[in-house]
Each structure stands twice: as C-alpha cells, then as structure tokens.
Amino acid sequence: MEETYKNKRTEESNDPAHYNLIVVGIVIGLIGTFLRFTGSWMFIDAISNILFIIGTYICLKAVLRILK
C-alpha cells in the first residue's frame, strides 16, 4: 500500500500542468520586470509591480502544489 501511495504522489508531482504554470508565472514576472525599463509612462511602475506580483504568486502557487 505504501508503494502505491508513493507512486501516486510522484505522478501528481510530475504533472506537466504544474511546470506549465511555473513557466507562465515566470513569463508574467519577466514582463513586469522588463516594463520597468521601457520608459517613463504615467503608471508604468504600478503596472510592472502588479505584473511582477502576479507572476510571483502564480509561481509560488505551482511550487506549493508540487510540494503538497
């Protein structure tokens, strides 16, 4: 029974959906980071910070799902 539980847990951890979510979070975070250096628009700092926070949240959510 222990072997079946470990196999199920490993399969859930290796689910490609988790890693796709991490890639999406990284891309969103990088877009937020690169927007900081694009120019001096009126609200560019706020938009870049929001995108960076969203990307960080998505990545942490995916990592915690893998560890769960």
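Residues numbered from 1 in each chain as written. Predicted model: local features only at pLDDT ≥ 70, side-chain atom pairs only at ≥ 80, totals over all residues. Heavy atoms only, no water.

## Some details on the overall build of the protein chain
Here is step 1: Scanning the protein chain from N- to C-terminus turns up three helices and zero strands.
Here is step 2: Out of the 68 residues belonging to the protein chain, those deemed buried represent 21%.
Here is step 3: Pairs at least 24 apart in sequence give 55% of the contacts found in the protein chain among residues at least 6 apart.
Here is step 4: Looking at the protein chain as shown, the accessible area adds up to about 5,500 Å², and 69% of this sits on carbon and sulfur atoms. (Helix = DSSP H or I, 4+ residues; strand = E, 2+ residues; numbered from the N terminus. Buried < 20%, exposed > 50% of the residue type's maximum accessible area, 1.4 Å probe, protein only. Contact = heavy atoms within 4.5 Å. Areas by Shrake-Rupley, 256 points an atom, 1.4 Å probe, with all protein chains shown as cover.)

## Focus: the packing of helix α2 (residues 16-35) against helix α3 (residues 44-67)
Here is step 1: Between α2 and α3, the least distance of the axes is 7 Å, while the angle of their chain directions is 160 degrees. The orientation of α2 with respect to α3, classified from their angle, is roughly antiparallel. As for the relative orientation of α2 and α3, their crossing is left-handed in sense.
Here is step 2: Of the residues contributing to the contact of α2 with α3, the split by class is 17 nonpolar, seven polar and one charged. (Axes fitted to C-alpha atoms, helices over the stretch in contact; angles between N-to-C directions. Parallel < 35°, antiparallel > 145°, perpendicular 65-115°, else oblique. Left-handed = near helix turned anticlockwise from the far one by under 90°. Nonpolar A, V, L, I, M, F, W, Y, C, P; charged D, E, K, R; others polar.)

## Here's the deal with the environment of F37
Here is step 1: Mapped onto the secondary structure, F37 falls in the loop between α2 and α3.
Here is step 2: With eleven residues separating them along the chain, F37 and S48 place their C-alpha atoms 9.6 Å apart.

## Observations concerning the side chain of S48
Here is step 1: In this fold, S48 is placed in helix α3.
Here is step 2: The class for S48 is buried, based on a relative accessible area of 0%.
Here is step 3: Within polar-contact distance, the side chain of S48 engages the backbone oxygen of D45 at 2.9 Å.
Here is step 4: Ignoring any residue separated from it by four or fewer positions in sequence, one finds S48 in contact with G32, L35 and R36. (Polar contact = N/O pair within 3.5 Å; in protein donor to acceptor, adjacent residues only side chain to side chain.)

## Section: α3
Here is step 1: Helix length check: α3 (24 residues) gives 35 Å between terminal C-alpha atoms against 34 Å at 1.5 Å per residue, within 8%.
Here is step 2: Residues I44, S48, G55, I58, C59, A62 and I66 constitute the buried set of α3. (Expected span 1.5 Å × (residues − 1).)

## Structural notes on the side chain of H18
Here is step 1: In this fold, H18 is placed in helix α2.
Here is step 2: When its relative accessible area of 11% is taken as the criterion, H18 is described as buried.
Here is step 3: Not counting chain neighbours up to four residues away, the residues in contact with H18 comprise E12, S13, A62, R65 and I66.

## Focus: α2
Here is step 1: Helix length check: α2 (20 residues) gives 29 Å between terminal C-alpha atoms against 28 Å at 1.5 Å per residue, within 8%.
Here is step 2: Listing the buried residues of α2 in full gives H18, I22, G25, G29, G32 and L35. The buried side chains of α2 occupy one side of the element, clustering within an arc of 155 degrees when seen end-on. Set apart from the buried face of α2 by more than 90 degrees, the exposed residues are P16, N20 and F34. (Arc of directions from axis to C-beta.)

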